[in-house]
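Chains, contacts and geometry: an overview
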Amino acid sequence: MSILKFAVAAMAMSVSVTAFGADTHVGGHEHAMDGHAHGDTAGEPAQASEANRTVDVVMHDNYYQPEAIEVKPGEVVRFVVENKGSLVHEFNIGTPAMHEAHQEEMMMMVEHGVIQGGKLNHEMMGMDMGNGHTMSHDDLNSVLLEPGESKEIVWRFSAQGDIEFACNVPGHYQAGMYGEVNFN
Ligand SMILES: [Cu+2]
């Protein structure tokens, strides 16, 4: 392990210990194009068998039903997400900083023709970008769906904080396609 990697690991550990510290933006500015964990405070993926309940989420052009979600701290929720719009949409659980960073990645996906209005170019998504990364969009906190598609995310809301579910397809967040995760 290099000195730098050790320092980063040590920092990550101290951050998780002080999970409610001031900096909730750790990891939010990574630019990995594939599914690396971001060391964030939005929670973590879980197994369907751990879920306390299922929440159905319907995606339209450009809003969600429901518009907000209530969770208990530590609760595991199974989301069944369906795209009933005519455009590609995302359901992504993250902090505002994570969404902001992911919007840059998705802008690249549009620029490279991976997202084309109502279609995803799956062949392009699997291509190596020349740096060992792909635009496969396989982050565990997110699903990216074509019209008519449906997928699941099981998520543990382990850390209270400023968490939103959002669509980071360029322009959609700005059009209001996001909702609050409220802890109660
Ligand atoms: Cu969208």
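Residues numbered from 1 in each chain as written. Predicted model: local features only at pLDDT ≥ 70, side-chain atom pairs only at ≥ 80, totals over all residues. Heavy atoms only, no water.

**Details of the sheet that holds strand E3 (residues 63–65)**
Across the sheet, five strands lie side by side as E1-E10-E5-E2-E3; this open sheet has mixed pairing. The open sheet terminates on both sides in strands that have one partner only, identified here as strand E1 (44–45) and E3. As paired strands, strand E2 (residues 53–60) and strand E5 (residues 76–83) are joined by seven bridges and run parallel to one another. Each residue of the ladder has a partner; that of Val57, found in E5, is Val81. (Pairing = 2+ DSSP bridges. Helix = DSSP H or I, 4+ residues; strand = E, 2+ residues; numbered from the N terminus.)

**A few points about the coordination of the copper ion**
Surrounding the copper ion are the protein donor atoms His89 (ND1), Cys167 (SG), His172 (ND1) and Met177 (SD), which sit 2.0 to 2.8 Å from the metal. Of note is the copper ion, whose four donor atoms meet at the metal with angles of 85 to 138° in an arrangement that counts as irregular. All donor residues of the copper ion come from one chain, and their arrangement in sequence is H-x77-C-x4-H-x4-M. Separated by 88 residues along the polypeptide, His89 in strand E6 (residues 89–94) and Met177 in the loop between strand E11 (164–166) and strand E12 (178–183) bring together distant segments of the chain. (Donors = N, O, S within 2.8 Å, 3.2 Å for Na, K, Ca; no water. Tetrahedral: all angles 85-135°; square planar, octahedral: opposite > 155°, others 65-115°.)

**So, the pairing of strand E10 (residues 150–156)**
Two faces belong to every sheet, and in a regular strand the side chains alternate between them. When E1 meets E10, the two strands line up antiparallel, connected through two bridges. Paired with Pro45 across the strands is Trp155, a residue of E10. Where E5 and E10 come together, seven bridges link them in antiparallel fashion. What sits directly across from Glu82, in E10, is Ser150.

**Re the environment of Ile163**
In this structure, Ile163 sits in the loop between E10 and E11. Owing to a relative accessible area of 0%, Ile163 belongs among the buried residues under this scheme. Each C-alpha atom, one on Ile163 and one on Gly43, is 9.1 Å from the other, the two residues being 120 residues apart in sequence. (Buried < 20%, exposed > 50% of the residue type's maximum accessible area, 1.4 Å probe, protein only.)

**Quick word on the pattern of salt bridges**
If the charged atoms of two oppositely charged side chains come close together, the side chains can form a pair. Applying the stated rule across the entire model yields four salt bridges. Close ionic contact of Arg156 with Glu44 constitutes a salt bridge, the shortest N to O distance being 3.0 Å. Of this pair, Arg156 sits in strand E10 while Glu44 sits in strand E1, and the two are 112 residues apart along the sequence. Several salt bridges share partner residues, and in doing so they unite Glu44, Glu50 and Arg156 into one network. (Salt bridge = Lys/Arg side-chain N within 4 Å of Asp/Glu carboxyl O.)

**Section: the environment of Ser150**
Within the element layout of this structure, Ser150 appears in strand E10. Residues Ser150 and Met59, spaced 91 residues apart in sequence, show a C-alpha to C-alpha distance of 9.9 Å. With residues up to four places along the chain from it excluded, the contact list for Ser150 reads Val80, Val81, Glu82 and Leu145. At 3.2 Å, the side chain of Ser150 forms a polar contact with the backbone oxygen of Val81. (Contact = heavy atoms within 4.5 Å. Polar contact = N/O pair within 3.5 Å; in protein donor to acceptor, adjacent residues only side chain to side chain.)

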